[in-house]
Structure formats: structure tokens, C-alpha cells
Amino acid sequence: MRVLLIALQQTTEGPASPAEQAQWTELGAPMRTARLEEDHALALAAAMRDGGRLAPMLLCAKNSRLHRRAAALNLPTLAAGGPIDFTRLWLWQRRHKHLLVQTFGECSMAAGRRVLAMRAPQSTLLSHALLLRAPHAEACAGKGMLAAHKILCGSNHVRERIAKGSGITQGETPWRGPKNRQLPLAGDVLTLRAPCMNLEGYAPAPEWKAEAPLAESTGNKPRFIFCMGDALTPRSGVHVVIRAMAAIWQRRDLPRWEVRAAGGGPRFQEVLEEAESLGVQSRLCLLNEQPLHQLLHSCHAWIAPGSAPDELPDTLGAGLAAYMPVICGQGDLHNQRLKAAPAAACMFEENNPQSLAEAMINIMTNNDLRRSTVQAGDTLRPSLGLDAFADSVCARHEAWCAELGWLEQNAHPHTDHDKEQQ
């Protein structure tokens, strides 16, 4: 069974440039969203290529970052860039009686609909994956969205925005397009599938020793280090952290401590000025974007204080991946991502500095709380990585195709690709 994965993002290498950082909005950074979608498309293509009953073909922008990464992994690809590329796609899709088309991101939805229009009636299943952000209102109500038989939503927020913009209601199963394009699939059109993160390089962080001296005095005594990511983005919660620091910095019965805040964004000056005005700048280290798995080697607790509905998975998941005690706000997104193991984080009242300060003190001073929090995270860790996302979506794809009778018991999905390469 062939699967066409469409990811037409155009991203750049490395951290966001100053110009990109200036484009941050309340809804998030388009560049980082596009990178996340690329990573998930690549992981899904690799998982299908390496096993299972589905064989992938990745359609991506010609000479894009994703195109180069796919070529390095020897994944089957088609380029999108001009009339000749369109002709190759048209000739390729004609070879397959049935086709599942999986798009990633708003930029790929129109291409998915064009492929659907090329195909014979009831021979193609179109699915969109919108993992971090819902499309704009016009796109939600557009033909590209309404053409889909299934839509994978990364969060309840994304699902609600799509439902509001498109008119697709919860529990709705039929596709509301022309009858010759409908497919007899059970289940909601809008289904949940949370995004994941790249776990490469993550290792257990050092455990804070309970016997560390509690009295803060002179001398080279160890510090309890809190860390957070995406600190300079809108709705990151960094201001809540600074005010919580001001609430606890004069406590004399605590270990020496500091907060390290990593990530790019446009808010460096205002964050620094607030820390100086509250007198906690000496306890705050503002860092630029960098690999979190390297930063966490010297930290003892992870804070995810933000309230953004389109928060990246590693903003919360980095601490879990590094086997660290996690502190996070009680927002809808965090509750959703921790649903399977609520005890995996010490939660505080969202946007409440006093509540966060209490949580930070408890984590610093309670060895049993730290260990129980880390242990509870064992339930979530297997589902954090991109491999888990790929396995889950592959299972869904196979279930959909089996329901439609498109999977043959003795089929060899990679045979067609082998012939194409000869």
C-alpha cells in the first residue's frame, strides 16, 4: 500500500535569525512550526520505509532542507517545483490503484487536494496533520481543509479552532464533498495525535544530592539549577518565573539556586529589565537557542511555566526526557499532555508567581517529591519521541486502509518502489 507524504515547508538551518525572531507573534513562530512538521514527516517516512505494510513517497519542495535530509537517508522522494515535477507526480500516482495521502501543515493542504482531484473516485484517502497550530480562518473553511477524510489535530486547541472555522463538528464521520469522493470510514474526521520531540542526545540529568548544605553562605557550595526553554517567546511564562524568584530569593533556609532560561525570541531586554527591577538578575542566566539536551546535563529541575496553546513539545517534554523533576502550569495543553500521568509534574496555578514559588521550594527541599515525580514520568517517556509518533500514525493508516479493504494479506508494499528505482 502506497502512502504519499506531502510536506512543502521551506525552512533554514540552525537557530532563527534576528529577522525571524522579529516575526514572533502571539500564535507562535512559523519557522519553528515548519521545522516541527518537517521532523514528523521525515520520521514517518523513515518508519514506513523500514517496516510495516505501508510504503512511503515523500513529496517536498525542490532543494529544500527536508529534501536534502530525505536524500541523505535514501528515502524515496518526489520534488515539487515546476511543471516537470508536476508531471512526474501525475505519472507516479497513476501506477497505484489505491493511495493514502498524508499532508503536514497548512502549506501542504492544497497540494493534497490537487492529488485527490487527479485520482479515480473512491481510490484515495486524504488526511491532514496539523500538529501545533490551526490554519488561518480562511484556510479552515477552504476547499483544501474540507477535502480531507481525516484530520490529525495536535491538541484540543487545534481541533477546536479547526472545528470552529470549518464547521466540522465533533463526532462527524462523513466527508461533506461530492458523493463520488466519500469513503466509508468510521470515527471522527477530527482526531487527536499529539506531536513529539527529537530525543537524540538526551540522557538522565544529575540528581540533586539531598545532603547538600541548606544554609546559604559564602563558599563554593553547589547550586540547585532550574532550567526552562523558549523563555523569550510570547506567553512563555518567564515573567511568572522572575516574580517567583523575587518571592523566594531572600529565603535563608534554601540551597543556593539559580534559573537558566534558554531560547530565542524578541523579549530579551524586557525580561532583563524586570529581573533587574526585582533584584534577581544575579540569579538569572539568559541563554540563546541551544540544544536542550546539552544544557540539561548540569541542571536539576525543569520549569514549563508557559500558557501558549501552540507550545512546542520539548518545552515540557525536555525535562521528562532528561529524567528531571518537572514543574509546570496547570494550563489546558499541559493537562492534556500529562493526562496519562498527572503526577509526572509538580503543577502550579497558571500565571501565579506565589504558586510557582511554592512549587520551586518544594522541589528544592523535598527529595522524595523529586524522585516520585521523575518516577511518574516513566509512563510518559516511551511516547515522547518521534518514533512513537511514527508508530502511532502508521498504525492508524493501516487501520484505515484495512477498513477500506485496501490492504492485501500477502502484499509487499515496497515492491513498487524497488521497480521504480531499477
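Residues numbered from 1 in each chain as written. Predicted model: local features only at pLDDT ≥ 70, side-chain atom pairs only at ≥ 80, totals over all residues. Heavy atoms only, no water.

Participant: Could you give an account of the confidence of the model for the protein, naming the residues involved and the relevant values?
Facilitator: Residues with a pLDDT of 70 or more make up 87% of the protein, whose mean pLDDT is 88. When pLDDT is averaged over each helix and strand of the protein, the minimum, 47, is found for helix H17 (residues 415-421) and the maximum, 98, for strand E4 (residues 99-104). Here residues 212-218 is modelled with pLDDT under 50, and outside its nearest four sequence neighbours on either side it reaches 16 contacts, counting other chains as well. Note on residues 415-422: pLDDT under 50 across the span, and nine contacts to partners over four residues away in sequence or across chains. (pLDDT = per-residue confidence, 0-100. Helix = DSSP H or I, 4+ residues; strand = E, 2+ residues; numbered from the N terminus. Contact = heavy atoms within 4.5 Å.)

Participant: Go over a nonpolar patch on the surface with me, naming the residues and quoting the values.
Facilitator: A cluster of nonpolar side chains, namely Phe86, Trp90 and Leu91, defines an oily patch on the protein surface of about 280 Å² accessible area. Structurally, Leu91 can be placed in helix H4 (residues 83-93). Overall, the relative accessible area of 41% leaves Leu91 in the partly exposed class. (Patch = residues over 30% accessible without salt bridge, like charges linked within 9 Å, V, L, I, M, F, W, Y side chains within 5 Å. Areas by Shrake-Rupley, 256 points an atom, 1.4 Å probe, with all protein chains shown as cover. Salt bridge = Lys/Arg side-chain N within 4 Å of Asp/Glu carboxyl O. Buried < 20%, exposed > 50% of the residue type's maximum accessible area, 1.4 Å probe, protein only.)

Participant: Which residues make up the packing of aromatic side chains, and what values go with them?
Facilitator: Counted under the stated rule, the structure contains two aromatic pairs. For the ring pair Trp208 and Phe224, a centre distance of 5.3 Å and an interplane angle of 70 degrees mean the geometry is edge-to-face. One end of the pair, Trp208, is in the loop between strand E7 (190-192) and strand E8 (223-228); the other, Phe224, is in strand E8, with 16 residues separating them in the sequence. What makes Trp208 buried here is its relative accessible area of 7%. Both rings, one in Phe224 and one in Phe226, keep their centres 4.9 Å apart while their planes meet at 50 degrees; by these two values the pair is tilted. As far as burial versus exposure is concerned, Phe224 and Phe226 are alike and both buried. An aromatic cluster of three or more residues is present, and its members are Trp208, Phe224 and Phe226. One residue, Arg283, lies across the ring of Trp257, its end atom 4.7 Å from the ring centre. We note Arg381 situated over the ring of Tyr323; from NZ or CZ to the ring centre the distance is 4.0 Å. (Phe/Tyr/Trp six-rings, centres within 6.5 Å; stacked < 30°, edge-to-face > 60°. Lys NZ or Arg CZ within 6 Å of the ring centre and 35° of its normal.)

Participant: Account for the packing of helix H9 (residues 238-248) against helix H10 (residues 268-277), with residues named and values stated.
Facilitator: In contact at an axis separation of 10 Å, H9 and H10 are set at 15 degrees when each is read in the N-to-C sense. Judged by the angle between their axes, H9 and H10 are roughly parallel. Handedness of the H9/H10 crossing: right-handed. Here H9 contributes Val238, His239, Ile242 and Arg243 to the contact with H10, which in turn contributes Glu270, Val271, Glu274 and Ala275. Each residue belonging to the contact of H9 with H10 can be placed in one class, and the counts come to four nonpolar, one polar and three charged. (Axes fitted to C-alpha atoms, helices over the stretch in contact; angles between N-to-C directions. Parallel < 35°, antiparallel > 145°, perpendicular 65-115°, else oblique. Left-handed = near helix turned anticlockwise from the far one by under 90°. Nonpolar A, V, L, I, M, F, W, Y, C, P; charged D, E, K, R; others polar.)

Participant: Give a detailed account of the nonpolar core, specifying residues and quantitative values.
Facilitator: Counting residues in each nonpolar core, the largest one holds 39 residues, and the members touching the most others are Leu5, Leu44, Leu58, Phe104 and Leu125. Among the elements of the structure, strand E1 (2-7), helix H2 (30-50), strand E2 (55-61), helix H3 (65-72), E4, strand E5 (124-130) and helix H16 (386-403) are those that each provide at least two residues to this core. Counting residues per element, this core draws most heavily on H2, at eight residues. Listed in part, the 34 residues of the second largest apolar core include Ile248, Ala261, Ala275 and Met364. (Core = buried A, V, L, I, M, F, W, Y, C linked by side-chain atoms within 4.5 Å.)

Participant: Which residues make up the sheet that holds E5, and what are the values?
Facilitator: Strand order in the open sheet made by the seven strands is E3-E2-E1-E4-E5-E6-E7, with parallel pairing throughout. Two strands in the sheet have a free side with no partner beyond their single neighbour: strand E3 (77-80) and E7. Shown here is a sheet whose adjacent strand axes are inclined to one another by a mean of 25 degrees, direction ignored. Note that E1 and E4 share five bridges and pair parallel. (Pairing = 2+ DSSP bridges.)

Participant: How would you sum up helix H14 (residues 353-365)? Please name residues and give values.
Facilitator: In this model, H14 (13 residues) spans 18 Å end to end at C-alpha, consistent with the 18 Å of a helix rising 1.5 Å per residue. N-cap assignment for H14: the residue whose side-chain oxygen lies 3.0 Å from the backbone N of Gln354 is Asn352. (Expected span 1.5 Å × (residues − 1). Polar contact = N/O pair within 3.5 Å; in protein donor to acceptor, adjacent residues only side chain to side chain.)

Participant: Give a description of H10 that names residues and reports values.
Facilitator: Residue pairs three or four apart in sequence face the same way in an α-helix, which turns once every 3.6 residues. The set of residues buried in H10 consists of Val271, Glu274 and Ala275. Seen along its axis, H10 keeps its buried residues to an arc of 100 degrees; they face one direction. Its buried side turned inward, H10 meets H9 and strand E10 (284-286). Within two residues after H10, Gly279 carries a phi angle of roughly 75 degrees, on the positive side. (Arc of directions from axis to C-beta.)

Participant: Give me the pairing of E2: which residues, what numbers.
Facilitator: With seven of its seven residues buried, E2 lies for the most part within the structure. When E1 meets E2, the two strands line up parallel, connected through six bridges. Its bridge partner lying in E2, Ile6 is registered against Leu59. Direction of pairing for E2 relative to E3: parallel, over a ladder of four bridges. Residue pairing in the sheet places Leu58 in a bridge with Thr77 of E3. Viewed along the sheet, the connection from E2 through H3 into E3 turns out right-handed. (Right-handed = clockwise from strand over helix to strand, strands pointing away.)

Participant: Provide a residue-level description of the pairing of strand E9 (residues 256-261), including the pertinent values.
Facilitator: Among the six residues that make up E9, six are buried, leaving the element largely enclosed by the rest of the structure. Of the strand pairs in this sheet, E8 and E9 are connected by six bridges, and their pairing is parallel. Looking across to E9, one finds that Cys227 is bridged to Arg260. At this point the chain moves from E8, through H9, to the parallel E9, and the crossover so formed is right-handed. Here E9 pairs with E10 via three bridges, running parallel. In the sheet register, Val259 faces E10, and the bridge partner there is Leu284.

Participant: Break down the side chain of Glu38 for me, citing the residues and quoting the values.
Facilitator: Turning to its location among the elements, Glu38 is positioned in helix H2. You can call Glu38 buried: its relative accessible area is 0%. The contacts of Glu38, once residues within four sequence positions are left out, are Gln9, Thr11, Arg65, Leu66 and Arg69.

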